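# Per-entry structural report
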Amino acid sequence: QPGDAVPASQKSTWTQFIKSIASVSGDLSSLTAPPFILSPVSLTEFPAYWCERPELFAAISEGTTPKDRAKRVLKWFISTLKGQYTSRNETMGSEKKPLNPVLGELFYGQWPDKNGRGLTSLVVEQVSHHPPITAYYIANPSRKITLQGHSAQKTSFSGGNIIVKQVGHATLTVTLPDGQKEDYLITLPRLRIEGLWFGSPYIELAETSYIQSSSGWLSTIKYQGKGYFSGKSHTFKADLTPPIGAGSGTQASSYEGQWNTTSKDTKTGAVFTDVTGPKEEVTVRQVEEQGEWESRALWFKVAKGIREGDFDTAAREKSRIENEQRQRRRDEAAASTTWQLKHFVHQDEDPLYERLGRLFKALPPTEDTYVYQNNGPTIGGA
Ligand code: CLR
């Protein structure tokens, strides 16, 4: 039944909300949603999903050939999808509307060194408020692996679902024992948010995303959901193909299965990914020790209100933060200054995106980037 999962008192606001989505396509972040669908977590926390299986991230450096490493990057990437796209359903019952970060909002975290995998650290900064853009940097220095990226969304409405085009990309770099760098360009899948009518939204992935290695190896990942008559939800098929013009002895491989459970090597049947076991959430400093721009400190009262069902307090505190932001922007305009980013510098072009994107005809052919300034909290302090 329509609105089945919506509390009785919020049914009409939910209908209103769905209608407003349909008319205000582009950016959903500023739409007012009914309380039951609000999440107490800000979007600046989401880049942590990239590393909730830190051992798979670290294992990239153990690859012995370009193909082996490309396979390990693909394995790590597929293994992040369950966290990225289904974890709110698991922890909160459905997909929810995250807190819309303020300009300059920060999120720091780390995954401790365990079993020799090395310490992995995360630095996130909200680099734009309108439109919302989140930049992130993840590094495992002992394994010489870094991931840098930015994330934005363009939304539209189709067939009762929200369609989310992910704008932005990530680049992964691993420095090999001989000092050479191997780079990977990672593009992101399209999202379809289904189940809106019933008030229990969830994400399905669609279309194709790519991981292009500077060695020439390319992963082409195709996503499918449950079809009307057949098929399973959260399905993917990935082809790992050799560099253009590579000689014999360079065999392609393919992998298929479900990104939220397990997948196999298509030819051999060997297990490729298995995310049925536990993942490791990011370690974050206590709220009391965080600076005022750090996400959990900044949103503390709002998040508490949402968690405890005190939506009046949540709304009041949210307005306070937003008004303060508006005042800041007015003061800057009056003083002819602009907000200075802390950890990232914006560049109109990303040479790596252009160079690697050309190999698989990436669209758009060029994108901007946010370059990390290597000035995050010192390791151990985060
Ligand atoms: C952000 C980048 C992460 C992956 C990811 C997962 C869930 C996405 C989120 C991104 C962007 C914001 C998002 C969210 C799901 C719902 C939410 C699209 C892409 C929108 C703004 C809220 C819609 C409101 C309905 C749930 C009612 O790596």
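Look above for the structure.
Residues numbered from 1 in each chain as written. Predicted model: local features only at pLDDT ≥ 70, side-chain atom pairs only at ≥ 80, totals over all residues. Heavy atoms only, no water.

## What about the nonpolar core?
Among the nonpolar cores identified, the biggest contains 58 residues, and Phe 57, Trp 76, Phe 77, Leu 147, Leu 172 and Ile 221 are the most heavily contacted of them. Of all the elements, helix H3 (residues 66-92) adds the most residues to this core, at 8 residues. (Core = buried A, V, L, I, M, F, W, Y, C linked by side-chain atoms within 4.5 Å. Buried < 20%, exposed > 50% of the residue type's maximum accessible area, 1.4 Å probe, protein only. Helix = DSSP H or I, 4+ residues; strand = E, 2+ residues; numbered from the N terminus.)

## Some points on helix H5 (residues 300-308)
Regarding H5, the residues found buried are Val 302, Ala 303, Gly 305 and Ile 306. All buried residues of H5 project into a common sector of 160° when viewed along the axis, lining one side. Residues of H5 that are exposed and angled more than 90 degrees away from the buried face: Arg 307 and Glu 308. At its buried positions, H5 is contacted by strand S1 (38-42), strand S2 (97-99) and helix H6 (311-334). Two residues or fewer past H5, Gly 309 is found with a positive phi of approximately 75°. (Arc of directions from axis to C-beta. Contact = heavy atoms within 4.5 Å.)

## Considerations on the environment of Lys 304
As for its placement among the helices and strands, Lys 304 is situated in helix H5. Separated by 264 residues in sequence, Lys 304 and Pro 40 place their C-alpha atoms 7.5 Å apart.

## Topic: the site of the ligand
Phe 17, Gln 84, Arg 88, Ser 151 and Gln 153 are the nearest of the 18 residues found near the ligand. Contacts to the ligand include Gln 84, whose side-chain N or O atom sits 2.6 Å from an oxygen atom. Burial of the ligand by the surrounding chains reaches 95%, relative to a free accessible area of 610 Å². Because more than half of its atoms lie within 2 Å of the grid, the ligand is assigned to the largest cavity. (Near = heavy atom within 4 Å. Polar contact = N/O pair within 3.5 Å; in protein donor to acceptor, adjacent residues only side chain to side chain. Areas by Shrake-Rupley, 256 points an atom, 1.4 Å probe, with all protein chains shown as cover. 1 Å grid on protein atoms, 1.4 Å probe; cavity = no way out; pocket = protein on both sides within 12 Å on 5 of 7 lines; lining within 4 Å. Sits in = over half its atoms within 2 Å of the grid points.)

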